Amino acid sequence: MAFKRMAKYLAEAHLHMERLMDVLERIKIFYPLNVDKFDKLTSIQKDMLDALAFRFMKLQDLLGSKIFREYLIEMGFVAEDKTFFDILKEVENENIVDIDTWSEFRKVRNILAHDYPDNMEEKLEAINYLIENSPILLKVVDKIEDKVNSRRT
């Protein structure tokens, strides 16, 4: 049962990863962003930035809410009744992602989740952060997948 759940979660992660990598490739032509550049973007280009934020947030949420716990179970850890922070500490001990990086991802995610018109510079800074650091999030999935696959063989 756990094997099927992990496979399902990883399949969903790959969907987000593919779309995230696609949008990263398309938006690198106007990176780094600032207010002047942003104001000159077309609505389609702004939609690409929304897609970047959406896919990043979806992938991060999937990792944090399902995959990390399932990974620990798959690797033989006791994950039942553990807080998210306890799970995150175990994931860090497994060299998947460090707590500081994950906390920064959460901070950026929270900035992008709210559309307040007075914080455009902060939002653009967060988008630049995503462009620079999305590969780290993508590697988190790869590390989990590699460790799970090597345990199964």
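Just so it is clear, the structure is predicted and the values come from calculations on it, not from any experiment.

*Asks:* Which parts of the structure should I look at to understand the pattern of salt bridges?
*Replies:* Close approach of charged atoms allows side chains of opposite charge to pair. What the rule picks out here adds up to seven salt bridges. Residue Glu-25 pairs with Lys-28 through a salt bridge whose shortest N-O separation is 2.9 Å. What you see here is one network of salt bridges that share partners, running through Asp-61, Arg-106 and Arg-109.

*Asks:* What am I meant to see in the packing of aromatic side chains here?
*Replies:* How two aromatic rings sit relative to each other is given by the distance of their centres and the angle of their planes. Enumeration over the complete set of coordinates arrives at five aromatic pairs. An aromatic cluster is present here, built from Phe-56, Phe-68, Phe-84, Trp-102, Phe-105 and Tyr-129 joined pairwise through their rings. A cation over a ring is seen here: Lys-46 above Phe-38, with NZ or CZ 4.7 Å from the ring centre.

*Asks:* When you look at the environment of Ile-96 in this model, what are you seeing that I'm missing?
*Replies:* Within the secondary structure layout, Ile-96 lies in the loop between helix 4 (84-93) and helix 5 (99-113). A residue is classified by how much of its surface remains accessible, and Ile-96, at 2% relative accessible area, is buried. The contacts of Ile-96, once residues within four sequence positions are left out, are Phe-68, Tyr-71, Val-91, Val-140, Lys-143, Ile-144 and Lys-147.

*Asks:* Help me out: how do you make sense of helix 5 in this one?
*Replies:* Structural remark: α-helix, 3.6 residues per turn; residues separated by three or four positions point the same way. The end-to-end C-alpha separation of helix 5 is 21 Å, in line with the 21 Å expected for 15 residues at 1.5 Å each. The set of residues buried in helix 5 consists of Ile-99, Thr-101, Trp-102, Phe-105, Val-108, Arg-109, Ile-111 and Leu-112. The inward-facing, buried residues of helix 5 contact helix 3 (43-74), helix 4 and helix 6 (120-152). A distance of 3.2 Å separates the backbone nitrogen of Asp-100 from a side-chain oxygen at the start of helix 5, and that oxygen is part of Asp-98.

*Asks:* So what exactly am I meant to see when it comes to unusual backbone geometry here?
*Replies:* Trans peptide bonds make up the majority, and among non-glycine residues the majority have a negative phi. Here the bond from Tyr-31 into Pro-32 is cis, since omega is 0°, no more than 30 degrees from zero. Counting through the fold element by element, Pro-32 comes out in the loop between helix 1 (2-27) and helix 2 (35-40). In this model, Asp-81 sits at a positive phi of 65°, which is unusual for a non-glycine residue. Relative to the helices and strands, Asp-81 is located in the loop between helix 3 and helix 4. With a phi close to 60°, Asn-95 is a non-glycine residue in the positive phi region. Secondary-structure assignment places Asn-95 in the loop between helix 4 and helix 5.

*Asks:* I'm lost on the packing of helix 3 against helix 5 in this one. Help?
*Replies:* Working note: a packed helix pair is described by the angle between its axes plus the distance between those axes. Between helix 3 and helix 5, whose axes approach to 10 Å, the crossing angle comes to 130°. The orientation of helix 3 relative to helix 5 falls into the category oblique. Considering only the axes of helix 3 and helix 5, their crossing is left-handed. Taking contact as the criterion, the partners of Ala-53, Phe-56, Met-57, Gln-60, Asp-61, Leu-63, Gly-64 and Phe-68 in helix 3 are, on helix 5, Trp-102, Phe-105, Arg-106, Arg-109, Leu-112 and Ala-113. Across the contact of helix 3 with helix 5, the residue classes tally to nine nonpolar, two polar and three charged.

Cut-offs and rules
- Residues numbered from 1 in each chain as written.
- Predicted model: local features only at pLDDT ≥ 70, side-chain atom pairs only at ≥ 80, totals over all residues.
- Heavy atoms only, no water.
- Salt bridge = Lys/Arg side-chain N within 4 Å of Asp/Glu carboxyl O.
- Phe/Tyr/Trp six-rings, centres within 6.5 Å; stacked < 30°, edge-to-face > 60°.
- Lys NZ or Arg CZ within 6 Å of the ring centre and 35° of its normal.
- Helix = DSSP H or I, 4+ residues; strand = E, 2+ residues; numbered from the N terminus.
- Buried < 20%, exposed > 50% of the residue type's maximum accessible area, 1.4 Å probe, protein only.
- Contact = heavy atoms within 4.5 Å.
- Expected span 1.5 Å × (residues − 1).
- Polar contact = N/O pair within 3.5 Å; in protein donor to acceptor, adjacent residues only side chain to side chain.
- Axes fitted to C-alpha atoms, helices over the stretch in contact; angles between N-to-C directions.
- Parallel < 35°, antiparallel > 145°, perpendicular 65-115°, else oblique.
- Left-handed = near helix turned anticlockwise from the far one by under 90°.
- Nonpolar A, V, L, I, M, F, W, Y, C, P; charged D, E, K, R; others polar.

Everything listed here is a matter of coordinates, which is why it stays silent on function.
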